[in-house]
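# Notes for the structure review
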Amino acid sequence: MKYSNKEMVRPHVMLQFPSVLLKMNSMDNLEKQLICPICLEMFTKPVVILPCQHNLCRKCANDVFQASNPYLPTRGGSVTSGGRFRCPSCRHEVVLDRHGVYGLQRNLLVENIIDMFKQESSSSKPAPEKKEETPMCDVHEGEKINIYCVTHGVPTCSMCKVFGDHKDCEVAPITSIFQTKKTELSDGITMMVSNNDRMQGIVSQLEEACRTIEENGRRQKNLVCEKFDQLYSILEEKKREMSQKVTAEQDEKLNYIRGLTRQYGDHLEESCKIVEKGIQTMEEPEMALFLENTKPLLKKIAEASSLAHLDKVERGYENMDHYTIDFKKEGKALRSIDFIHGEDDEDEDEEDEDGEAGTEEVEGAQTVSGGSAVTSASVQPSAPQQTNSSLSTAKSTAST
């Protein structure tokens, strides 16, 4: 059920508290008129109980209603059908519809007065003064702690100095000790703040040092990798040169052997033809013709039987053992690679080997970042001159 503002604030409602409003001389009198007769507290969401016009808290009105109608069905704590009860102020019977207490009209005027009263009360009340709590002596009841025992370094009371545990101790007024200790504490705090600032500066310097170390470490590792890459490139170049030398001699020997294979093959083929020719001549029945063909055939057989014009391969010609490599010294030198310690930094631009023809030294020396140098090691295959001499010796022997 909805009501307009004009219906809510009716003349008879305005006249409900005429004597109170006119005679109100203090906030206390007003507060008494705003008390609920059920809970004896200030109204909370007051309702107007028709037709007697008395006010109750909505919750209190609902409690009275439910207590007067215990057998009415309820749902969720609220009555779901109409009922009746008597006003606790004037005992007038109030009949409610199916909305129960929630169908009663709210008294907006009383609500506004309560809000203004609470605001006025909160603004007029002085702020409570903070009471300084004076510590009391645990031994002598009612005695305030007002002196300081210098001997034991504890505050105490006058009775303890006269009759108690501190009667033989040196004491001083607690106010003077308070000022002294307060000054000491202030000086200590100032010193600690200064120390904290200094330590903060040290922490900042250490953090900056950490960042610098990380940056320098990355840079030096990059330099180390560059130097090792240069060493790898030198080793790869020398490996390629030495492999080319082995390949060159291998190709030379293979070409020579393949040439001899072709010569011996041609000679074998010619010998087979002579043998075939001789077999055919043996079948010749005519003696004169046989003798005529035998003379040149015997000459060819004599020439074919001789292998003096063919080269012969020396024993061990196919071996390549003269290219044996021993990297023990070089391996030891590589394993001894380390950074150069000391202030004398050698020039990092060492003499680079170009891989020129006839140079057979393996450069193992590279200065590493910060710098370690490895002594260069040479690998000398005993081959090229020996290979050429062995080939010439084989050819001269075959020609003889």
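A quick note: this is a predicted structure, and the numbers were derived from the prediction, not measured.

Turning our eyes to something else, we now look at the pairing of strand β9 (residues 154-157). Here strand β8 (residues 145-149) runs beside β9; their pairing, made up of four bridges, is antiparallel. By the bridge assignment for β9, Ile 145 is matched with Cys 157.

In terms of nonpolar packing, the biggest core is built from 24 residues, with Leu 34, Cys 36, Phe 43, Phe 85, Leu 96, Val 101 and Ile 114 touching the most fellow members. Looking at this core, the elements that each hand over two or more residues are β1 (46-49), β2 (54-57), α5 (58-68), β6 (93-96) and α6 (108-124).

For the rest of this paragraph, the subject is the environment of Ile 174. Examined against the element boundaries, Ile 174 turns out to sit in helix α8 (residues 174-282). Residues Ile 174 and Cys 157, spaced 17 residues apart in sequence, show a C-alpha to C-alpha distance of 9.8 Å. Aside from chain neighbours lying at most four places away, what touches Ile 174 is Ile 145, Asn 146, Ile 147, Tyr 148 and Pro 155.

Think of a sheet as strands paired side by side through backbone hydrogen bonds, with each pair either parallel or antiparallel. The strand order β2-β1-β7 describes an open sheet built from three strands, whose pairing is antiparallel. Looking along the sheet, the strands with just one partner apiece sit at the ends: β2 and β7 (105-106). As paired elements, β1 and β7 share two bridges and run antiparallel to each other. Bridge pairing in β7 links Val 48 to Gln 105. The strands that α5 touches are β1, β2 and β7; relative to β2, the one it contacts most, it runs at about 95°.

In contact at an axis separation of 10 Å, α8 and helix α9 (residues 287-305) are set at 155° when each is read in the N-to-C sense. In terms of their interaxial angle, α8 and α9 are classed as roughly antiparallel. In the packing of α8 onto α9, the handedness of the crossing is left-handed. Contact with α8, carried on its side by His 267, Ser 271, Ile 274, Lys 277, Gly 278, Thr 281 and Met 282, involves Phe 290, Asn 293, Thr 294, Leu 297, Lys 300, Ile 301, Glu 303 and Ala 304 of α9 and no other residues of that element.

In this section: the packing of aromatic side chains. Summed over the entire model, instances satisfying the criterion amount to three aromatic pairs. Between Phe 65 and Phe 85, the ring centres sit 6.0 Å apart and the planes meet at 75°, which makes this aromatic pair edge-to-face. Note that Phe 65 is positioned in helix α5 and Phe 85 in strand β5 (residues 83-86), a separation of 20 residues in sequence. In this structure Phe 65 comes out as buried when scored by relative accessible area, which is 0%. Owing to a relative accessible area of 2%, Phe 85 belongs among the buried residues under this scheme. Relative to Tyr 232, the ring of Phe 228 has its centre 6.1 Å away and its plane inclined at 50°; by these criteria the two rings are tilted. Residue Phe 228 and its partner Tyr 232 are located together in helix α8, separated by four residues, close to a single helical turn. Residue Tyr 232 is classed as partly exposed on the basis of its relative accessible area of 46%. Over the face of the ring belonging to Tyr 317 we find Lys 253, whose NZ or CZ atom lies 5.0 Å from the ring centre.

Before going further, it helps to examine the environment of His 99. Looking at where His 99 falls in the secondary structure, it is placed in the loop between β6 and β7. Each C-alpha atom, one on His 99 and one on Gly 83, is 9.6 Å from the other, the two residues being 16 residues apart in sequence.

Our focus in this paragraph is the state of the cysteines. Under the criterion given, the structure shown has zero disulfides. Residue Cys 149 stays outside any disulfide, its sulfur separated by 3.9 Å from that of Cys 169, the closest cysteine. With a relative accessible area of 0%, Cys 149 lands in the buried category.

With respect to the secondary-structure elements, Thr 281 resides in helix α8. Its relative accessible area of 8% is what places Thr 281 among the buried residues. Beyond its immediate chain neighbours, meaning those up to four positions away, Thr 281 contacts Phe 290, Asn 293, Thr 294 and Leu 297.

For the rest of this paragraph, the subject is a nonpolar patch on the surface. A cluster of nonpolar side chains, Leu 185, Ile 189 and Val 193, forms an exposed patch at the surface whose accessible area comes to about 280 Å². With respect to the element layout, Leu 185 can be found in helix α8.

What counts, and where the lines are drawn
Residues numbered from 1 in each chain as written. Predicted model: local features only at pLDDT ≥ 70, side-chain atom pairs only at ≥ 80, totals over all residues. Heavy atoms only, no water. Pairing = 2+ DSSP bridges. Helix = DSSP H or I, 4+ residues; strand = E, 2+ residues; numbered from the N terminus. Core = buried A, V, L, I, M, F, W, Y, C linked by side-chain atoms within 4.5 Å. Buried < 20%, exposed > 50% of the residue type's maximum accessible area, 1.4 Å probe, protein only. Contact = heavy atoms within 4.5 Å. Axes fitted to C-alpha atoms, helices over the stretch in contact; angles between N-to-C directions. Parallel < 35°, antiparallel > 145°, perpendicular 65-115°, else oblique. Left-handed = near helix turned anticlockwise from the far one by under 90°. Phe/Tyr/Trp six-rings, centres within 6.5 Å; stacked < 30°, edge-to-face > 60°. Lys NZ or Arg CZ within 6 Å of the ring centre and 35° of its normal. Disulfide = S-S within 2.5 Å. Patch = residues over 30% accessible without salt bridge, like charges linked within 9 Å, V, L, I, M, F, W, Y side chains within 5 Å. Areas by Shrake-Rupley, 256 points an atom, 1.4 Å probe, with all protein chains shown as cover. Salt bridge = Lys/Arg side-chain N within 4 Å of Asp/Glu carboxyl O.

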